[in-house]
Amino acid sequence: MAVTQSRGAGARALTQSLCERLARLQAGTAEHTRVREALIEANLPLVRYAALRFHSRNEPMEDIVQVGTIGLIHAIDRFDPARGVQFATFALPTIVGEIRRYFRDSVRTVHVPRRLHELWARVCSAAEELTVALGRSPTTAELAERLRLPEEDVLASMDAGRAYRVSSLEATRDREEGAPGPIDRLGYEDPGLAGVEHRALVRHLLVQLPEREQRILLLRYYRNLTQSQISAELGVSQMHISRLLARAFSKLRSANPIET
């Protein structure tokens, strides 16, 4: 016990000495680099101590230590020995924070941008409130209205939210006994794949049209409005809508590489 305490006191004294020396050196010089590397090496046990808190996260300990070392380097670069704080006291929250950030932002099925991560939390909260108020699950439009956001942003956050849920490949579908799980469907041809190329082509061609013609096509074929409904929404005659549709189709045909 006394030997351990003595070694700990020696490590703290060495760290303090290196920190004071580093503060006096010009950044970028060879001596500064050498002392900084010695300081990192001397405090790797502190990183390993912090990493042990996360040993149950099913991530390789080497990866956690590597991330924690980044936090250690940040702490070294920001530490000011003149403040009278022990380096370990200052550095440990930075190391732990870096490891937690790694698990929050990286260890997921799919990496989720922080903006969508924060938006997903807002969408979940709004969904719970609206479910209580309405007595049913809210629609995307109702969520968008509640949050004062475009529906596209709400849908994007919902897609991002799926990155937090991982299903077993051996799980049965809808929990029905004997129903095939995801692993049983691997290797089968997805019928939706046939339309992927065509959808990509349609998007490519649509953006080449004027904005007004794009909108008319979307109203007609995505919202399934009739020509008379479109004319009422846009405030133009049905005949004009018909002409614009015909012109848009003509442009799409001439720009379609498959047709040429």
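Since we're looking at a predicted model, the values are computed, not measured.

Basis of the calculations
Residues numbered from 1 in each chain as written. Predicted model: local features only at pLDDT ≥ 70, side-chain atom pairs only at ≥ 80, totals over all residues. Heavy atoms only, no water. Helix = DSSP H or I, 4+ residues; strand = E, 2+ residues; numbered from the N terminus. Salt bridge = Lys/Arg side-chain N within 4 Å of Asp/Glu carboxyl O. Buried < 20%, exposed > 50% of the residue type's maximum accessible area, 1.4 Å probe, protein only.

Enquirer: Help me get a handle on unusual backbone geometry, residues and values and all.
Expert: Residues other than glycine seldom take positive phi values, yet Arg148 does so here, at roughly 60°. Within the fold, Arg148 resides in the loop between α7 (140–147) and α8 (151–161). Of note in the backbone geometry, Asn224 takes a positive phi value of approximately 60° without being a glycine. With respect to the helices and strands, the residue Asn224 is situated in the loop between α11 (211–221) and α12 (227–234).

Enquirer: Explain the pattern of salt bridges to me, and be specific about the residues and the numbers.
Expert: Inspection of every chain in the model, using the stated rule, returns 9 salt bridges. As a salt-bridge pair, Arg247 and Glu213 come within 3.0 Å of each other at their nearest N and O atoms. Taken together, the residues Arg247 in helix α13 (residues 238–255) and Glu213 in helix α11 connect sequence positions 34 residues apart. Residue classification places Arg247 among the partly exposed positions, given a relative accessible area of 44%. Given a relative accessible area of 3%, Glu213 falls into the buried group. The closest approach of N and O atoms between Glu233 and Arg215, which form a salt bridge, is 3.6 Å. With a gap of 18 residues between them, Glu233 in helix α12 and Arg215 in helix α11 connect regions that are remote in the sequence.

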